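# Chain and residue survey
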Amino acid sequence: MRTWLLLALLVTVVPAWADWHFSPYVAVTGAPKAGVFQHLESAGRRNLAIAAHTVALVWEDNHSGAPQVYIAFKPRAGKNFSAARRISTGKEAYEPVIAALANDRFVLAWEQDGHVWMALADAKHTSTPRRVDSVPSSQATLASDGRDRAYLAWAHRDGHFMRVMVARTDIKRAQVHLSGMQAADAAPPQGAQAYPALAVVPAGVVAAWEDRRQGHTRLFVTRAADGAAFVAPKPLNTLLPGRRSAKFGRGTGVTRVALAQAGDQVAATWMDKRNFHGGYDIYAAISADGGRRFGANELVQDAFGDNVPQWHPSVAVAPSGQVVVAWDDPRDDSPDVWLSWRKAHAWSDDLAVPPASGVGAQLSPVIVVDDQGRLHMAWIQRSGNGATQIRYVEAAWSGRSKQR
Amino acid sequence: MLRPIVPTFKFRITVILLAMLASAAVWGDPPAGYKFLSYDQGLRQARAEHKPIFLYFGRYGCGWCQKTNDETFSDAKLRQLYSQHYVLVYVDAESGKRLTLPSGERITEMELGARLNVFATPVFLYLQPDGTPIAKVPGYKTVKDFVQFDHYVHDDIYKHKTLAEFLSGNS
């Protein structure tokens, strides 16, 4: 009897990280250098992509003297990343995104000198970059089905407001082209639209974005079948009753939505200030029908993160349908990367990712779960003097709990 | 017999448009009558004039920001005091607009909020001309509060007392 009790106790105290088995981290960029700053920033947090045999990461840094955009590759079976290859060609470039295609190719997009640009890349070559839009544009994001269907979204200037546009990317003669460009919302913009996120589902594409039409920032979501127009958008984040007043303003803050998908399971995550006492919290909503309907807004982080703000959420969905969210927060005094995954009835306890927590600041995680269910994560490591390095780690699901 | 006043269609449209403009202009924007600059402009001006910076973190739609604008920053004496003593900078805590930190790093206005742990809006920061933080003050504040904070910064009390020590001595 005592043995059974002891075993039961041991099971209950096994820490959350027992569900994930992390490999040692790999440095993607060289030793930190004073005055050189890497950033993993992008609409939808799409800086990392996994193709059949290749992992690719895109980021921005200023090591050349100005902010430019770079890519590095790693064989999935290998350990180290290649040397960085510059992909931007202008004076300044920011916020690169990437999506995987068939044959270990990747489609890339980024902001360069006030416009969105795109290109095609593999481990050896990058195609000649092409400008996406003739009007000022920024905040590009990409999503693909990992094979031959990929979509690009971005915000472009339309009169007084930035407006979210979406187009399908097509590969012709080793170049990337756009087709079927349309606004995510056909109605003329009534406020700024920004920071889109995309998910490619079997029947088409799901788009979400920040929208200021209601006098405060809200998140809207829409979907379109391949080759068809988007349906009328719906709000994604819910507003708490009684919080629309002189005291609370037109609505609490909400920002930086990200989407991920596996089959028809679509997960959205974002930063939400409905409980403003501790700054932004991480919220999520799940659709099981390819983005037609999203379930209730769910608080992702656990209660130990209540009193500090959470930042930079990134989301991934495993082939099994398990949803994983990563973010950073400073609950242990300095920022660490935290992970939570959705169980049958609740989100897991928060896990301080072992290689991305502790001394220094660990920030801006980007995550992807590959077709084998392995988690890939990259983040920014910042030391006390501000110098940065991009690090990468993989994790395998241990199977202690069912991956669902 | 008096004729009831029925607004014409044109008049009604004008009233609606004015109301929309008025409401669109206020929520969470910087207060009227203050010369708020962008972060980069403000830092350049502060260095050139050797003046401290008053940095206002607001958010589009933020009610507490609007309450502060309406009830506190509308005070003419406060406007004069802060316009004289500080370079005024406004940052939208959800914006992707870029700025350059004193270190040379290019980040967004929202990222500046993450670096400075701006967990709510409004948050007010007092910075030295080189961008070094002096004090951070979150939430709605009265005219009296801002006059006290100005005394703390403008009279160099921050050089030998924390803001909490200063305020506990003043209460």
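Details of the structure are given in the entry above.
Attention shifts here to the overall build of chain B. Along the backbone of chain B there are seven helices and six strands. Going from N to C terminus, chain B has its helices and strands arranged as α-α-β-α-α-β-β-β-α-β-β-α-α. For chain B, with 171 residues in total, the buried portion stands at 46%. When the accessible surface of chain B is totalled, it reaches about 8900 Å², and 60% of it is carbon and sulfur.

So, on to the sheet that holds strand S9 (residues 106–112) of chain A. Residues and elements named next belong to chain A. Sheet architecture is open: four strands sit in the order S8-S9-S10-S11, paired in antiparallel fashion. Every other strand in the sheet has two partners, leaving strand S8 (93–100) and strand S11 (130–131) as the edge strands with one partner each. Note: S8 against S9, six bridges, orientation antiparallel. Note on S9: the bridge partner recorded for Tyr94 is Glu111.

For the structure shown, the criterion picks out five cavities of 30 Å³ or more. The calculated volume of the largest cavity comes to roughly 210 Å³. Contributing to the lining of the largest cavity are 16 residues, with Glu41, Arg45, Arg256 and His312 of chain A together with Met110 of chain B lying nearest its centre. Looking at the lining of the largest cavity, the elements that each hand over two or more residues are strand S20 (254–262) and strand S24 (311–317) of chain A together with helix H5 (109–115) of chain B. If one sorts the elements of the lining of the largest cavity by residue count, S24 of chain A sits on top with three residues. Classifying every residue of the lining of the largest cavity gives seven nonpolar, four polar and five charged.

What follows covers the packing of aromatic side chains. Note on aromatic pairs: each is described by the distance of the centres and the angle between the planes. Going through the model one piece at a time under the given rule, you end up with 32 aromatic pairs over all chains. Note on Phe54 of chain B and Phe73 of chain B: the rings are 6.1 Å apart at their centroids and 65° apart in plane angle, and the pair reads as edge-to-face. Separated by 19 residues along the polypeptide, Phe54 of chain B in strand S1 (residues 53–58) and Phe73 of chain B in the loop between helix H3 (63–71) and helix H4 (76–85) bring together distant segments of the chain. Note on Phe73 of chain B: relative accessible area 1%, which makes it buried. Ring geometry for Phe54 of chain B and Tyr86 of chain B: centres 6.3 Å apart, planes at 50°, overall tilted. Of the two residues, Phe54 of chain B sits in strand S1 while Tyr86 of chain B sits in the loop between H4 and strand S2 (87–92), which places them 32 residues apart along the sequence. Tyr86 of chain B shares its class with Phe54 of chain B; the two are buried. Taken together, the ring pairs in this structure connect Tyr34, Phe36, Phe54, Tyr56, Phe73, Tyr82, Tyr86, Tyr90, Phe124, Tyr126, Phe146 and Phe149 of chain B into an aromatic cluster. Directly above the ring of Phe220 of chain A sits Arg213 of chain A, whose terminal nitrogen or CZ lies 4.3 Å from the centroid.

About the criteria used
Residues numbered from 1 in each chain as written. Chains lettered and ligands numbered in written order. Predicted model: local features only at pLDDT ≥ 70, side-chain atom pairs only at ≥ 80, totals over all residues. Heavy atoms only, no water. Helix = DSSP H or I, 4+ residues; strand = E, 2+ residues; numbered from the N terminus. Buried < 20%, exposed > 50% of the residue type's maximum accessible area, 1.4 Å probe, protein only. Areas by Shrake-Rupley, 256 points an atom, 1.4 Å probe, with all protein chains shown as cover. Pairing = 2+ DSSP bridges. 1 Å grid on protein atoms, 1.4 Å probe; cavity = no way out; pocket = protein on both sides within 12 Å on 5 of 7 lines; lining within 4 Å. Points joined across faces, edges and corners; volume = space filled by probe spheres on them. Nonpolar A, V, L, I, M, F, W, Y, C, P; charged D, E, K, R; others polar. Phe/Tyr/Trp six-rings, centres within 6.5 Å; stacked < 30°, edge-to-face > 60°. Lys NZ or Arg CZ within 6 Å of the ring centre and 35° of its normal.

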